[in-house]
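Results of the structural survey
Listed below, chain by chain, are the residues.
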Protein chains: 2
Amino acid sequence: MSQPELLSSTKSYGGWIKRYRHQSESVKGEMIFAIYLPPQAETSKVPVLYWLSGLTCNDENFMQKSGAQRLAAKLGLAIVCPDTSPRGSDYPGEHESYDFGSAAGFYLNATQAPYDQTYHMYDYVVSELPQVIESNFPVTDKKSISGHSMGGHGALICALKNPGAYQSVSAFAPISNPTQCPWGKKAFAGYLGHDEKTWEEWDACLLISQAEEKLAILVDQGDADNFLAEQLKPDALELACDVNNHPLMMRHQVGYDHSYFFIASFIDDHLEHHAKALS
Amino acid sequence: MSQPELLSSTKSYGGWIKRYRHQSESVKGEMIFAIYLPPQAETSKVPVLYWLSGLTCNDENFMQKSGAQRLAAKLGLAIVCPDTSPRGSDYPGEHESYDFGSAAGFYLNATQAPYDQTYHMYDYVVSELPQVIESNFPVTDKKSISGHSMGGHGALICALKNPGAYQSVSAFAPISNPTQCPWGKKAFAGYLGHDEKTWEEWDACLLISQAEEKLAILVDQGDADNFLAEQLKPDALELACDVNNHPLMMRHQVGYDHSYFFIASFIDDHLEHHAKALS
């Protein structure tokens, strides 16, 4: 495992936002991630919240716009933000659309050429990145996961597919049922091929029925979100949880859209949710 | 006075961030501003904090990165963010450098052609914009002012030149003594000409000695700020306030840089400072 190379270090609420570049085995190239280390990390090990960002984002959006550092500094919580796709390749069409390829890795392991060479964001987020974090920073091995939109989908599938790995899970406006929405269908066809059977293991609504662990899911969803009915489908997640008796706290937030202003408005509740589980 | 045209409306911490475009008489063209209306504004009038942004910014940076809406929603404080220069002209070189012309209006009234035609950001911020805000939104006529870097300079000069107009003033890493630093000299020469006598009325350190009102100034300054010694000169502000017995709360924040992460870390203290004066 190569040593992460420090790119920048910025003080925030008494702690530090640090950006690193490292050589990733999963995606066979360089990856950048950001970590927020709260003040407590100077004297003891702290638990980690992994944050998965949405389409078009990278490691920086959450750190710049969520305001999460304020409460994380009080709770003694590290936050790790990976990038949203590999960046080192240049496949035909990879950089042409906002919802496929660059910045749209969908947190799965691609099986279709040429993406199967490098688009292994699931392995990266679930296995490799936690190893890098736990080997190089003053953190415990306790972790939770959250994310937004495509990253909300990512957080849900990572938790559902890995019972016991995460202490808690939450999501903002997740793509809940990607096998049934345009964003998901485009991504899954491109990364996994046209046999829709292979899509099922990457869809939170379908994974709920097989979940070995009934980890409670906290979801915030704005009711003025432009992508609500066509792409996000919170109703499908509610139905799947209801049918399978899976604990879900689905909060429909009146008047809120899909932006980071929505995330910032409710991030404190998510941090409290995770800190409680991680303590 | 033309009616501001609503560009967008985004819910944030129970209130609303609204962006407007309007025809400005001061700058003889269209200007965009943002206003945060806290939840209290739905039932009563609220006081206003004007925030002046720094070089390269527009009305959006503070709203996206400061996290100020969280506490403003609790305190019942509206926040107004103007743009940092006129945008409608296309003078030779106007858009070529980050520290002069577009996004670098320096909150003064230019006297040198061609900038004297439109670069009247001082009149805009001090007179026109408050009229627009007070005529169109549920706000009281009580106002305070703050800002960052070039906008910190703007906040200081607006308050010092207008005794009684603002209930309180604060700044993050202000350009305290622009007649003596490269950013200020370049801007003042371009907007005001080479007679340095004309620069004096736009320099906070020089205005302190003439201040009719001893309004306490709150300043946060990071000691890891790259621009500290060459451009910002907090020592000059401390000396001017000391010599003239002007109340100054200068806080040197260890390890903080010039970024919005620094602003976010201490914005709550500034909001409390202003809310107390405005109540």
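Residues numbered from 1 in each chain as written. Chains lettered and ligands numbered in written order. Predicted model: local features only at pLDDT ≥ 70, side-chain atom pairs only at ≥ 80, totals over all residues. Heavy atoms only, no water.

**Description of the overall build of chain A**
Helix and strand content of chain A: 9 helices and 9 strands. For a compact globule of 279 residues, the expected C-alpha radius of gyration is about 19 Å, and chain A comes in at 17 Å, within 12% of that figure. Expressed along its principal axes, the backbone C-alpha trace of chain A runs to roughly 50 × 40 × 35 Å. Total accessible area computed for chain A in this model is approximately 10,400 Å², and 48% of it derives from carbon and sulfur atoms. Side chains of chain A carry 20 positive and 34 negative charges; the gap between the two charge centres is 6 Å. (Helix = DSSP H or I, 4+ residues; strand = E, 2+ residues; numbered from the N terminus. Rg over C-alpha atoms; globule rule 2.2 N^0.38 Å. Areas by Shrake-Rupley, 256 points an atom, 1.4 Å probe, with all protein chains shown as cover. Lys, Arg positive; Asp, Glu negative; His and termini not counted. Charge placed at Lys NZ, Arg CZ, Asp CG, Glu CD.)

**A look at the interface of chain A and chain B**
Between chain A and chain B, the residue contacts involve 21 residues of the former and 21 residues of the latter. Summed over both partners, the interface of chain A with chain B buries about 1,800 Å², with 56% contributed by carbon and sulfur atoms. Contact with chain B buries area across many residues of chain A, yet Lys11, Tyr13 and Phe261 of chain A alone supply 35% of it, more than any other trio. At the junction of chain A with chain B, the criterion picks out 0 salt bridges. The interface formed by chain A and chain B holds 8 residue pairs in polar contact (both at pLDDT 80 or more) in total. Elements supplying a minimum of two residues to the side of chain A that touches chain B: strand S1 (5-12), strand S2 (15-24), helix H1 (61-65), helix H2 (68-75) and helix H9 (260-278) of chain A. (Contact = heavy atoms within 4.5 Å. Buried area = accessible area lost by both parts, 1.4 Å probe. Salt bridge = Lys/Arg side-chain N within 4 Å of Asp/Glu carboxyl O. Polar contact = N/O pair within 3.5 Å; in protein donor to acceptor, adjacent residues only side chain to side chain.)

**Observations regarding the pairing of strand S2 (residues 15-24) of chain B**
Residue and element names in this part refer to chain B. Summarising burial for S2: 7 of the 10 residues are buried, a large majority. Across 7 bridges, strand S1 (residues 5-12) lies against S2 in antiparallel orientation. Its bridge partner lying in S2, Ser8 is registered against Arg19. Between S1 and S2, which follow one another and run antiparallel, lie 2 residues, and Tyr13 among them has a positive phi close to 50°. Note that S2 and strand S3 (residues 29-37) share 9 bridges and pair antiparallel. Each bridged residue has a counterpart across the sheet, and for Arg19 the counterpart in S3 is Ala34. Between the end of S2 and the start of S3, which pair antiparallel, lie 4 residues, with Lys28 showing a positive phi angle near 55°. (Buried < 20%, exposed > 50% of the residue type's maximum accessible area, 1.4 Å probe, protein only. Pairing = 2+ DSSP bridges.)

**Let's talk about the relation of the copies chain A and chain B**
Two chain copies, one operation linking them: a rotation about an axis together with a shift along it. Mapping chain A onto chain B leaves a residual RMSD of 0.0 Å; the transformation is a rotation of 180° accompanied by 0.0 Å of translation along its axis. What we have between these two chains is a two-fold relation. Both copies share a contact surface, since 100% of the interface residues of chain A are interface residues in chain B too. (Least-squares fit on C-alpha atoms with pLDDT ≥ 70 in both.)

**Considering the packing of aromatic side chains**
As enumerated under the stated definition, the model contains 44 aromatic pairs over all chains in all. Arranged with centres 5.4 Å apart and planes meeting at 80°, the rings of Tyr115 of chain A and Tyr191 of chain A form a pair that is edge-to-face. Placement of the pair is Tyr115 of chain A in the loop between strand S5 (78-82) and helix H3 (121-136) and Tyr191 of chain A in helix H5 (residues 182-192), with a sequence separation of 76 residues. Tyr191 of chain A carries the same exposure label as Tyr115 of chain A, and that label is buried. Ring centres of Tyr122 of chain B and Trp202 of chain B lie 5.1 Å apart, and the angle between their planes is 75°; this geometry places the pair in the edge-to-face category. With Tyr122 of chain B in helix H3 (residues 121-136) and Trp202 of chain B in the loop between helix H5 (182-192) and helix H6 (204-207), this residue pair connects regions lying 80 residues apart in the sequence. The class of Tyr122 of chain B is buried, set by a relative accessible area of 10%. Classification of Trp202 of chain B as buried rests on a relative accessible area of 4%. In textbook terms, an aromatic cluster arises when at least three aromatic residues are bridged by ring pairs, as seen for Trp51, Phe62, Phe172, Tyr256, Tyr260, Phe262 and Phe266 of chain A. Cation over ring: Lys143 of chain A sits above Tyr166 of chain A, and NZ or CZ is 5.3 Å from the ring centre. In this structure, Lys161 of chain A is placed above the aromatic ring of Trp202 of chain A, and the distance from its NZ or CZ to the ring centre is 4.3 Å. (Phe/Tyr/Trp six-rings, centres within 6.5 Å; stacked < 30°, edge-to-face > 60°. Lys NZ or Arg CZ within 6 Å of the ring centre and 35° of its normal.)

**Some thoughts on the environment of His270 of chain B**
Residue and element names in this part refer to chain B. Mapping His270 onto the fold places it in helix H9 (residues 260-278). Under the relative-accessibility criterion, His270 is labelled buried at 1%. C-alpha of His270 to C-alpha of Leu218: the two residues are 52 residues apart in sequence and 7.6 Å apart in space. Once residues lying within four places of it in the same chain are set aside, the contact partners of His270 are Ser146, Ser170, Ala171, Phe172, Leu218 and Asp220. A polar contact of 2.8 Å, which involves the side chain of His270, links it to the side chain of Ser170.

**Overview of unusual backbone geometry**
The linkage connecting Ala113 of chain A with the following residue, Pro114 of chain A, adopts the cis geometry, with an omega of -5°. As for its position among the elements, Pro114 of chain A is in the loop between S5 and H3. Positive phi values are uncommon outside glycine, yet Asn245 of chain A reaches one of about 55°. When you line up the elements, Asn245 of chain A lands in the loop between helix H8 (234-243) and strand S9 (248-253). Even without being glycine, Ala173 of chain B reaches a positive phi, approximately 45°. Mapped onto the secondary structure, Ala173 of chain B falls in the loop between strand S7 (169-172) and H5.

**Topic: the confidence of the model for chain A**
Mean pLDDT over chain A works out to 97, with 100% of the residues at or above the 70 mark. Scored as a complex, the prediction yields pTM 0.97 and ipTM 0.95. (pLDDT = per-residue confidence, 0-100.)

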